[in-house]
Amino acid sequence: DLNRFKKVYPYTPRRKVIKSVSDNGFTIEEGTITFTDASSGSYTFLETYSSAPNVVVTAYDSAGNDLVGVALNITAITTTSVTVESTANFTGTVNVQILQVGE
C-alpha cells in the first residue's frame, strides 16, 4: 500500500545573519608601513578623523607571507597617525586598516 509511506525531509536550520543598520556614515582607509630591520614605524592617515579611529595591523615579512615571528603593538593612536612597534627588528611590511563609524 503506497499511500502509507510519507516523505520525511531532514531538518536544516537557518543560518543567523547578523546585520548592522545605521544612519551614520563611516570612513575606511588602508595603508602600509615598511619596516627595514626596524622595530618601530608610523603611518599618517590620509582621511580626517574627529576622534581616534579603530586600527588593525598585520605583519608580513619580505617574502610576502605572514610567518614574521614578531608580535605587533599599537603604541599610539591620534586623529592624524598611528605608531606601531614590533617585539623584534624585522624586514617586511605592516598592513594598516583604519575604520571609524559615525563620521
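The structure we're discussing is the one just above.
Since the structure is predicted, the reported quantities are computational estimates derived from the model, not experimental observations. (Residues numbered from 1 in each chain as written. Predicted model: local features only at pLDDT ≥ 70, side-chain atom pairs only at ≥ 80, totals over all residues. Heavy atoms only, no water.)

## Focus on the packing of aromatic side chains
Pairs of aromatic rings are described using the distance from one ring centre to the other and the angle between the two planes. Rules: Two rings belonging to Phe, Tyr or Trp (six-membered ring only in the last case) form a pair when the distance between their centres is within 6.5 Å. Interplanar angles under 30 degrees mark stacking, angles over 60 mark edge-to-face geometry, and anything in between is tilted. In this description a helix means any DSSP run of H or I spanning at least four residues, a strand means any run of E spanning at least two, and both kinds are numbered starting from the N terminus. Exposure is judged per residue with a 1.4 Å probe applied to protein chains only, and the accessible area is read against the type maximum: over 50% gives exposed, under 20% gives buried, and values in between give partly exposed.
Across all of its chains, the model carries three aromatic pairs by this definition. Centroid distance F35 to F90: 5.0 Å. Interplanar angle 20 degrees. Geometry classified as stacked. Here F35 is found in strand β1 (residues 26–44), whereas its partner F90 is found in strand β4 (residues 81–101), with 55 residues between them in sequence. Accessibility assignment for this pair places F35 and F90 in one class, buried.

## Comments concerning a nonpolar patch on the surface
Let me state the cut-off plainly: Patch membership is restricted to residues that have no salt bridge and whose relative accessible area is over 30%. Joining uses 9 Å for like charges and 5 Å for the nonpolar side chains Val, Leu, Ile, Met, Phe, Trp and Tyr. Accessible areas in this description were obtained via Shrake-Rupley with a 1.4 Å probe; residue shielding takes into account the shown protein chains only. Salt bridge, as used here: a side-chain nitrogen of Lys or Arg that lies within 4 Å of a carboxyl oxygen of Asp or Glu.
A contiguous nonpolar surface patch, about 410 Å² in accessible area, is contributed by F26, I28, L99 and V101. Residue assignment for the nonpolar patch shows that the elements contributing at least two residues are β1 and β4. The residue L99 is located in strand β4 in this model.

## Digging into the pairing of strand β2 (residues 54–61)
How we decide: Here the rule is simple: two strands pair whenever DSSP picks up at least two bridges between them.
Going residue by residue along β2, you find V55, V57, A59 and D61 tucked away on one face and N54, V56, T58 and Y60 left uncovered on the opposite face. With eight bridges connecting them, β2 and β4 associate as antiparallel partners. Its bridge partner lying in β4, A59 is registered against V94.

Without other data, these values stay purely geometric and don't point to any function.
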